[in-house]
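Next come the chains, spelled out residue by residue.
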Amino acid sequence: MSFEKIDLHAHHIPDFYRDALLAAGQGQPDGIPAIPEWDEYSALKAMNGLNVRTAILSISSPGVHFGDPDSAVALARQVNEEGARLVKRYPGRFGFFASLPLPEFDEAVTELRYALDVLGADGIVLESNQRGVYLGDERLEPIYAEVAARNSLVFTHPTTPFGAEHLSGRYPRPMLEFMFESTRSVADFILSGMLSRYPALRLIVPHAGAALPVLVNRIDMLLPLLTSPDDETKVSARDAMRQLHFDLAGAPVEELLRALLSTADPAHLHYGSDFPFTPAGVCAGLAEQLEKTSLLDGPLRDQMFHGNAKALLSRFH
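Residues numbered from 1 in each chain as written. Predicted model: local features only at pLDDT ≥ 70, side-chain atom pairs only at ≥ 80, totals over all residues. Heavy atoms only, no water.

Caption draft 1: Quick look at the overall build of the protein. Per the secondary structure count, the protein includes 12 helices and 10 strands. Relative to the compact-globule value of 20 Å for 317 residues, the protein shows a C-alpha radius of gyration of 18 Å, a close match. Oriented by its inertia axes, the alpha-carbon framework of the protein measures out at about 55 × 50 × 45 Å. Looking at the protein residue by residue over its 317 residues, the buried ones come to 56%. Considering only residue pairs separated by 6 or more positions, the protein has 78% of its internal contacts joining residues 24 or more positions apart. Total accessible area on the protein stands at roughly 13300 Å², and carbon and sulfur atoms take up 53% of it. Taking the average place of the 27 positive charges on the side chains of the protein and the average place of its 41 negative ones, the gap between the two points comes to 5 Å. (Helix = DSSP H or I, 4+ residues; strand = E, 2+ residues; numbered from the N terminus. Rg over C-alpha atoms; globule rule 2.2 N^0.38 Å. Buried < 20%, exposed > 50% of the residue type's maximum accessible area, 1.4 Å probe, protein only. Contact = heavy atoms within 4.5 Å. Areas by Shrake-Rupley, 256 points an atom, 1.4 Å probe, with all protein chains shown as cover. Lys, Arg positive; Asp, Glu negative; His and termini not counted. Charge placed at Lys NZ, Arg CZ, Asp CG, Glu CD.)

Next up, the structure:
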């Protein structure tokens with residue numbers, strides 16, 4: 001891999017988190033066959049093979065809340081302190097997005113402050129829904145306010161649609177439902193007016209924006225039905241797409257990437273591997289496609305692989 005990369009969509013699975021998943025009956029989270037193997041050494045090996053300088057780690061779906069509030073609070077603290085340990089143990093190689101015990105809202109604010117102010121997290125990760133609380137929910141506003149006040153980041157990640165497991169019972173949710181779920185939740189965030197109330201808020205949408213790039217016109221066509229002409233919180237989906245950030249984890253080449261480039265700011269595109277949920281060999285193939293695609297000619301490719309992330313993340317300033 002010839003291009004140096006900063007990976008904004010990489011996951012860690014500490015042993016204690018794997019144990020928590022298994023204890024909660026989540027041995028096949030979101031319908032995948034098994035929890036992938038992970039340790040810091042295999043992560044570094046994969047990073048070296050992909051020429052990833054720094055990977056920003058996060059906990060993937062289903063997050064840290066499995067139904068018991070106290071356990072969720074404790075597990076969020078544990079995974080965040082483990083993220084901070086990895087950052088300290090391997091200077092320059094790792095960062096992390098902090099997990100929050102949502103929908104325990106007050107405890108989530110406490111954990112956010114600790115993770116950002118004490119542990120030095122690069123931002124927070126929010127699942128597309130937190131046990132039914134989607135990204136545009138007004139109860140998340142204190143979270144967004146805290147993040148915006150710190151000029152920090154929100155990284156979003158899809159999870160199984162709330163109360164709709166039957167929609168995808170025959171297939172692993174990452175195959176189809178994750179894309180619809182990201183689209184549904186980020187559209188809810190856009191329509192909530194959060195971007196107007198917190199214009200400094202920076203939110204990263206995974207998987208090249210899922211279906212959002214091809215739905216912006218439809219959303220905007222129906223937007224007048226939801227807002228009055230003088231509604232100051234009204235933000236068009238097309239305008240929002242220029243404000244949002246996007247990682248390119250998954251399989252964005254060529255069709256989805258072309259659609260995304262028609263609506264997003266190229267300075268807001270970022271490399272993502274999705275390791276280890278995407279195996280290292282598959283990550284290498286996808287990265288090679290991104291390195292060769294004509295859609296990212298010249299400096300745009302360099303910026304996507306590392307320059308845009310350097311501008312986004314305070315750890316590089």
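Caption draft 2: Seen up close, the sheet that holds strand 1 (residues 5–11). Strand order in the open sheet formed by 8 strands is 1-2-3-4-7-8-9-10, with parallel pairing between adjacent strands. Each of the sheet's edge strands pairs with one partner strand only, and the pair in question is strand 1 and strand 10 (269–270). Pairing between strand 9 (residues 245–247) and strand 10: 2 bridges, direction parallel. Counterpart to Asp247 in the pairing with strand 10 is His270. This element, helix 2 (residues 40–50), spans strand 1, strand 2 (52–58) and strand 3 (94–98) of the sheet and lies at about 135° to strand 2. (Pairing = 2+ DSSP bridges. Axes fitted to C-alpha atoms, helices over the stretch in contact; angles between N-to-C directions.)

Caption draft 3: Here's a closer look at unusual backbone geometry. Look at the link from Val253 to Glu254: it is a cis peptide, with omega at 0°. Its place among the elements puts Glu254 in the loop between strand 9 and helix 10 (255–261). With an omega of 5°, the peptide bond running from Phe275 to Pro276 counts as cis. Although it is not a glycine, Asn151 adopts a positive phi angle of roughly 55°. Among the structural elements, Asn151 can be located in the loop between helix 5 (141–149) and strand 7 (153–157).

Caption draft 4: How the structure looks around the packing of helix 11 (residues 280–292) against helix 12 (residues 299–312). Put simply, helix 11 and helix 12 touch, their axes get as near as 9 Å, and they point 145° apart. Counted together, Ala287, Leu290, Glu291 and Lys292 of helix 11 and Arg301, Met304 and Phe305 of helix 12 form the full contact between these two elements. When the residues that make up the contact of helix 11 with helix 12 are grouped by side-chain class, the tally is 4 nonpolar, no polar and 3 charged. (Nonpolar A, V, L, I, M, F, W, Y, C, P; charged D, E, K, R; others polar.)

Caption draft 5: Expanded view of the pattern of salt bridges. One pass over the full model with this rule turns up 14 salt bridges. Arg113 is paired through a salt bridge with Glu146; the nearest N and O atoms lie 2.6 Å apart. In this pair, Arg113 sits in helix 4 (residues 105–119) while Glu146 sits in helix 5, placing the two residues 33 residues apart along the sequence. Residue class for Arg113 comes out partly exposed when judged on its relative accessible area of 40%. Residue class for Glu146 comes out buried when judged on its relative accessible area of 14%. Of the charged contacts, one joins Glu141 and Arg197 as a salt bridge, the two residues approaching to 3.2 Å between their closest N and O atoms. You can see Glu141 sitting in helix 5 and its partner Arg197 sitting in helix 7 (residues 194–197), a full 56 residues away along the chain. Residue class for Arg197 comes out partly exposed when judged on its relative accessible area of 34%. Put simply, Arg113, Asp117, Glu146 and Arg150 are held in one network by salt bridges that share partners. (Salt bridge = Lys/Arg side-chain N within 4 Å of Asp/Glu carboxyl O.)

Caption draft 6: Representation of the environment of Ala164 in the model. Within the element layout of this structure, Ala164 appears in the loop between strand 7 and helix 6 (177–191). By relative accessible area, which is 10% here, Ala164 ends up buried. Taking C-alpha positions, Ala164 is 9.9 Å from Glu177, a pair spaced 13 residues apart along the chain.

Caption draft 7: Region of interest: a nonpolar patch on the surface. Among the surface-exposed residues, Leu191, Met221, Leu222, Leu225 and Leu226 lie close enough to one another that they form a single nonpolar patch of about 540 Å² accessible area. With respect to the helices and strands, the residue Leu222 is situated in helix 8 (residues 212–222). (Patch = residues over 30% accessible without salt bridge, like charges linked within 9 Å, V, L, I, M, F, W, Y side chains within 5 Å.)

In short, geometric facts, not functional conclusions.
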